[in-house]
Amino acid sequence: MMYNKNIRNASHTCVAIIIFVLYERVLMKNELKTSTEKDSVFIPSRSENVDFPVTAYFSDLGRMYAGVVRWHWHEEIEILIINSGHCNLMIDNITIPLDAGHGIMVNQNVLHSIRPINNEQCTFYSLIFDPVFLFGYSATYFSSLYLTPILSSSDLKYIALEESVAWQGELIEHLNNAIAANLTRKFGYELITKAELCLFWAGLLEHYANEKITMQDNMSEASLDSIRVKQALMYIEEHHMEPLSLLEIADSIHVSKSECCRCFKRTLRMTPIEYVMRYRIFEATRKIKRGDEEAKSMSSLALAVGFNNASYFNKLFKKYLNCTPSQYKVLLKQPASAYSQKAPLQIPSPFEENF
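Bear in mind the structure is a predicted one, so any value in this text is a computation, not a measurement.

> It is not clear to me how the overall build of the chain should be interpreted in this structure. Could you clarify?
Within the chain, the regular secondary structure consists of 14 helices and 8 strands. Burial analysis of the chain (355 residues in total) assigns 51% to the buried set. Contacts in the chain between residues far apart in sequence, at least 24 positions, make up 70% of those at least 6 positions apart. In the form shown here, the chain has an accessible surface area of approximately 17,000 Å², with 53% of it arising from carbon and sulfur atoms.

Take a look at the structure:
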């Protein structure tokens, strides 16, 4: 009852802003539809504005670089709203299928990745925001009362949302309004964003407090795996151009070689050395795309990403991407529509599960 009372009181303080929000909603939705029809891929960089740490974007997964969102994590909360098609969201050792009309909130510092399902199309909206934006950096009372119950829950990696579920549909509506405000950026969009996110958070917290949202039983083990794997990934990304052994990777996270392998298998479904090889090929594709000096010859490109044998590099590149580095260069020169509509040679990702 305390949560309900406090949430109602907090909501009453936003009346003026909410009136403004209601006035703008219809116009924002119409403009949002127009903007997504014109720009199939809109991915701005993360916000560097400490006063407004919010970023929203619309994306076509099939047109994104390498066709996936690779494993990553960040301090901000991330919201995904599936616009069309479907995809898999990977979180630790869990695969969450998402269809049009579904949404999901990924908590802070949670290792996650987005993959296509059978190379099918998927478009989605993302909203990334620092939770301190809701109450400010100095609002310790409100933060402890409203943020801590969700942010400090080690088992609460994500919260899935479906439009068909009444209370979840209401939350998705608030998120859609916040996204629309940020993509159209009309006067007062910052106020609208804050109001909608506060209403989203209030509804989420009220349901969380009343229904006791719980996650899978294996989350505690997954949390330890995630911590270890994130540390290992940072080590690999920093040293991928150097000779790397399983022992060195295991030592970087202070576990045995066998435990290191188990952590990777449970979380990423691949061994540490597999990840090293795929990351090196991924880096090679980035160098090719950027036109780096090392990418002008296969031998220099191989050395730049950690291979001392150009022949093995070429073999592995073809194994993971089904084309040679030279063919990949040709592929990149084709218009985006050519490979997004099942051209003979598509640009795959070295991080897809099928490889």
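> It is not clear to me how the environment of R115 should be interpreted in this structure. Could you clarify?
The topology assignment puts R115 in strand β6 (residues 112-116). According to the relative accessible area criterion, R115 is buried, its value standing at 5%. A polar contact of 2.8 Å, which involves the side chain of R115, links it to the side chain of S113.

> Help me understand the nonpolar core in this model?
It is characteristic of soluble globular proteins that their nonpolar side chains tend to be buried jointly. Core analysis: the largest hydrophobic core is formed by 37 residues, its most contacted members being F264, L268, F313 and F317. Elements that contribute at least two residues to this core include exactly α7 (219-239), α8 (246-252), α9 (257-268), α10 (272-290), α11 (298-304) and α12 (310-321). Of the residues forming this core, the biggest block, 8 residues, is contributed by α10. Ignoring any residue separated from it by four or fewer positions in sequence, one finds F313 in contact with I281, A284, M298, L301, A302, V305, F307 and P325. If you look at the next biggest cluster of nonpolar residues, it comprises 36 residues, including L145, L161, A181 and F200.

> I would appreciate a short explanation of the pattern of salt bridges in the present structure.
Should the charged atoms of two oppositely charged side chains come close, the side chains can pair. Under the criterion given, the structure shown has 11 salt bridges. Where D225 meets R266, a salt bridge forms, and the shortest distance between an N and an O atom there is 2.6 Å. Here the residue D225 occupies a position in helix α7, and R266 occupies one in helix α9, the gap between them amounting to 41 residues. Under the relative-accessibility criterion, D225 is labelled buried at 3%. In this structure, D292 and K287 form a salt bridge, with 3.8 Å as the shortest nitrogen-oxygen distance. With relative accessibility at 18%, the residue D292 sits in the buried group. Take K287: its relative accessible area is 12%, and that puts it in the buried class. Residues joined in a network through salt bridges with shared partners are D225, R228, E259, R262 and R266.

Calculation criteria
- Residues numbered from 1 in each chain as written.
- Predicted model: local features only at pLDDT ≥ 70, side-chain atom pairs only at ≥ 80, totals over all residues.
- Heavy atoms only, no water.
- Helix = DSSP H or I, 4+ residues; strand = E, 2+ residues; numbered from the N terminus.
- Buried < 20%, exposed > 50% of the residue type's maximum accessible area, 1.4 Å probe, protein only.
- Contact = heavy atoms within 4.5 Å.
- Areas by Shrake-Rupley, 256 points an atom, 1.4 Å probe, with all protein chains shown as cover.
- Polar contact = N/O pair within 3.5 Å; in protein donor to acceptor, adjacent residues only side chain to side chain.
- Core = buried A, V, L, I, M, F, W, Y, C linked by side-chain atoms within 4.5 Å.
- Salt bridge = Lys/Arg side-chain N within 4 Å of Asp/Glu carboxyl O.

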